[in-house]
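# Breakdown of the fold
So the chains spell out like this:
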Amino acid sequence: MIRIKKLILSIFAFLFLITSNTYADKVRIATEGAYPPWNSKSADGKLIGFEVELANVLCGYMGHECTIVEQDWDGMIPALRMRKYDAIMAGMSITDERKKVITFSQGYADEVASLAVMKGSSLESLKTVEAVNLSKGAKKTLKTLTTALAGKTVGVQVGTIHQNFLESGDVGKVNVRTYKTQDEVNLDLAAGRIDVALAAAVAFTDYAEKSGKPVVLVGPTFSGGAFGNGVGVGLRQEAQFGSSTAMGKRDGQLLKDFNKAINKARKDGKISELAIKWFGFDASM
Amino acid sequence: MISSFPKLLNATLVTLKLVSLSLIFGIFLGTFFAILRTGKNKFLKNFSYYYSYVFRGTPMLVQLFIIYFGLAQIEYLRSSFLWIILKEPYWCAIIAFTLNTGAYTSEILRSAFETIDKGYIEAGQSLGIPKNKIFYKIKFPIAIRQSLPAYSNEMILMLKGTSLASTVTLMDLTGVAKFIISTTFKPIEIFIVAGSIYLFITFLIHTFVKLVERKLEYPK
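Note that the coordinates shown come from a computational prediction; the quantities given were computed from them, not determined experimentally.

So, how was this worked out
- Residues numbered from 1 in each chain as written.
- Chains lettered and ligands numbered in written order.
- Predicted model: local features only at pLDDT ≥ 70, side-chain atom pairs only at ≥ 80, totals over all residues.
- Heavy atoms only, no water.
- Disulfide = S-S within 2.5 Å.
- 1 Å grid on protein atoms, 1.4 Å probe; cavity = no way out; pocket = protein on both sides within 12 Å on 5 of 7 lines; lining within 4 Å.
- Points joined across faces, edges and corners; volume = space filled by probe spheres on them.
- Helix = DSSP H or I, 4+ residues; strand = E, 2+ residues; numbered from the N terminus.
- Nonpolar A, V, L, I, M, F, W, Y, C, P; charged D, E, K, R; others polar.
- Contact = heavy atoms within 4.5 Å.
- Buried area = accessible area lost by both parts, 1.4 Å probe.
- Salt bridge = Lys/Arg side-chain N within 4 Å of Asp/Glu carboxyl O.
- Polar contact = N/O pair within 3.5 Å; in protein donor to acceptor, adjacent residues only side chain to side chain.

### Concerning the state of the cysteines
All names here are of chain A. For the structure on display, the rule yields 1 disulfide over all chains. Covalent S-S linkage joins Cys59 and Cys66, the inter-sulfur distance amounting to 1.8 Å. Where Cys59 bonds to Cys66 through sulfur, the torsion about that S-S bond is close to -90 degrees, and the disulfide is left-handed.

### Digging into empty space enclosed by the protein
All chains considered together, the criterion is met by 4 cavities of 30 Å³ or more. Size it by volume and the largest cavity reaches roughly 140 Å³. As for the largest cavity, its lining consists of 13 residues, of which Val158, Thr178 and Lys180 of chain A together with Ser166 and Lys178 of chain B are closest to the centre. Those elements that place two or more of their residues in the lining of the largest cavity are strand S10 (175-179) of chain A together with helix H9 (173-184) of chain B. Top contributing element to the lining of the largest cavity by residue count: H9 of chain B, with 3 residues. Grouping the amino acids of the lining of the largest cavity by side-chain chemistry returns 5 nonpolar, 5 polar and 3 charged.

### Re the interface of chain A and chain B
With 23 residues of chain A at the contact, the number on the chain B side is 24 residues. Buried surface at the junction of chain A and chain B, both sides included, amounts to about 1,800 Å², of which 60% is carbon and sulfur. Among the residues chain A hides against chain B, the three largest losses belong to Arg177, Ala191 and Arg193 of chain A. Together they make up 30% of the total. Our count for the contact surface shared by chain A and chain B stands at 1 salt bridge. Between Arg177 of chain A and Glu88 of chain B there is a salt bridge; the shortest N-O distance is 3.7 Å. Taken together, chain A and chain B are joined by 5 residue pairs in polar contact (both at pLDDT 80 or more). Of all elements in the fold, only helix H3 (76-81), helix H4 (96-99), helix H6 (161-167), S10 and helix H7 (182-191) of chain A reach the threshold of two or more residues within the side of chain A that touches chain B. The greatest single-element share of the side of chain A that touches chain B, amounting to 5 residues, is contributed by H7 of chain A. Of the residues in the side of chain A that touches chain B, the class split is 9 nonpolar, 5 polar and 9 charged.

Take a look at the structure:
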C-alpha cells in the first residue's frame, strides 16, 4: 500500500515538474511563423519577421527572458488560455470578439486588409474609394462590393478578422472557403480555385514578390468594425485564473509590462524602424 | 454550445457523403485490382501490386495534398477539361480517398481470394461449372464473407480519414468543429461533441457489418 502511495506521489511530483515551467519567469511568446512579413520562417527553419524582432525588442525593455514558440493559427487562443505560453504576437488584430476570452496590450501596428485577385480577373477593374473604415459607415462602398462579389468564391484563413467580415453579411452572401494558413490561400488564388482572397495587404504583396505570380490588390483597404483596432499582444485575462492568485497576478503584471515596453518602443522609433524594414512603410501605431 | 449542434449535424451529412461515396468507388476499384493481382498477366499483376504499395505506403494527407495542391500547380492540367473536376475540393477529396481505400480493399480481397479452400473450386470444376461462373458463384461470395471483418476495419478507418477533408477547405464534421472553435474558442467541448458523433457513426458501421456477417454465415 505504501509503495503504491509513493508511486502515485512520485507520478504527481513528476507531472508537477514537467508542467511547472509555466510558473517560471521566462516569458513564452507564441507566433504562427506562416504570415509573412508579420512572422514567418527562414529557409533553415528559424522564426523571422516583424513580430519576432519586435518581441525581442520588447523583452529587452521589459527585462524578461523570452522564448518565442511556434503555434498553428487555429489553436492560438485556446493554447494561450491553457497556459502553453504567455503571450501572442501573430498579427492578431484587437477585436471585441477576441476580447471576450483574452485581453490585449495596446496596439503596436496597423493591419490594413485588402482584396486580391489574379491579373486578368473580371474584378481587376473594381472601382471603389481607396480606404474604408467600417466603424464610420461605408454603405456605398459595401454596396458596390456586394454586387461585385455576388456569386464569387472568396478564400480566407480560418478564424481571422477577414473571415468574420465576409460572414458578417456586410457584403451579402459570398461563398467563403477557409484555409489553415495564408500560404494555402495564396496557392489556391494562383491556381484559380478561388476568384478572390482577403487578407492583410502586405501578405499578398509579399507573396507576389516572392513567387513572381501576378497577384493584384483590388477594391478599398479595410479597417475598423470587424477588422478591429490594430494588432496587439494577446494576453490572458487577469481574471481567468483569479486576480488574487499567483498566476492571475503574473498575467496582470505581464499586460502592464508589455504596455510599458510598447510605449517605449514607439517613442524611441523602434517600432517604426522595424515596420519599415519588414513592410516597406511605417505601420506602427 | 447548443446552437452549434445543428451545424455539426449538417456537417455530419457531408462526412457521411464523403465516406460512403469513397467506399463505394473504392470497392469497385479494390475488386478490380484484386482480380488483376490474382490473375495471370504479369504486367497487370505488377501494376496492381505497386498501386497498393504506393497508396498504402504513403500518408493519406500527403496523397490529398498532392492531388489538391500539387496537381493545381501544373499549368497544362489547369487548362484541360480535368480541371473541372480537380478545381473542386470535394472531388479532389473523393479521388484521394477512393484511391487510398481502393488500395487497402484490393489487399483485403486479394488475401481473401488466396485463402479460399481449394476444395470448393475443385468441387465446382468436377461438376463442370464454367470458369467465370466459378468465380462469381463460388470464389467471390466466399471472399466477401472472408474479408468482412477486415473490411469493417477499413470502413472505420476511412470514416476517421475523411476528417482530412477539412484541410482542403471542405466543411466536414472536423472542418465545422474547427470553424466553431475559431469563433467560440472552446476546443474541448466542441471536439468532444464531434468525437461523439464519429463514435456513433462507428457504432452504426459496426452494427451493420455484424448483421451482414450473420446473414452470410455458413450453414452448419
